[in-house]
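Coordinate inspection notes
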Amino acid sequence: MLRKPIAIGFAICTGLAACGDTTGEQLLYGAGAGAAGSALLDGNLVTGAAVGAAANVIYCKEKPGRC
């Protein structure tokens, strides 16, 4: 029963996270996606924002052609 909200949260985060031309934009968009995912899953918004920001920057630095 918990799988559906998790899947929805990951889908939203994936769609939002892979954007931003500058590091600041990547941090901002990643934080927003992480916070949104945490809100959907009733998690800690600050932790979600921090993880989302870090994940988006790392992803964009590792795969710049996809960002």
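Below is a short write-up of the structure. (Residues numbered from 1 in each chain as written. Predicted model: local features only at pLDDT ≥ 70, side-chain atom pairs only at ≥ 80, totals over all residues. Heavy atoms only, no water.)

**A word on helix 3 (residues 45-62)**
Compared with an ideal rise of 1.5 Å per residue, which puts 18 residues at 26 Å, helix 3 spans 25 Å between its outermost C-alpha atoms and is within 8% of the ideal. Those residues of helix 3 not exposed but buried are Gly48, Ala49, Gly52, Ala53, Asn56, Val57 and Cys60. Buried residues of helix 3, seen end-on, are gathered within an arc of 150 degrees and therefore sit on one face of the element. Exposed residues lying more than 90 degrees from the buried face of helix 3 are Val51, Ile58 and Glu62. With a side-chain oxygen positioned 2.9 Å from the backbone nitrogen of Val46, the residue opening helix 3 is Asn44. (Helix = DSSP H or I, 4+ residues; strand = E, 2+ residues; numbered from the N terminus. Expected span 1.5 Å × (residues − 1). Buried < 20%, exposed > 50% of the residue type's maximum accessible area, 1.4 Å probe, protein only. Arc of directions from axis to C-beta. Polar contact = N/O pair within 3.5 Å; in protein donor to acceptor, adjacent residues only side chain to side chain.)

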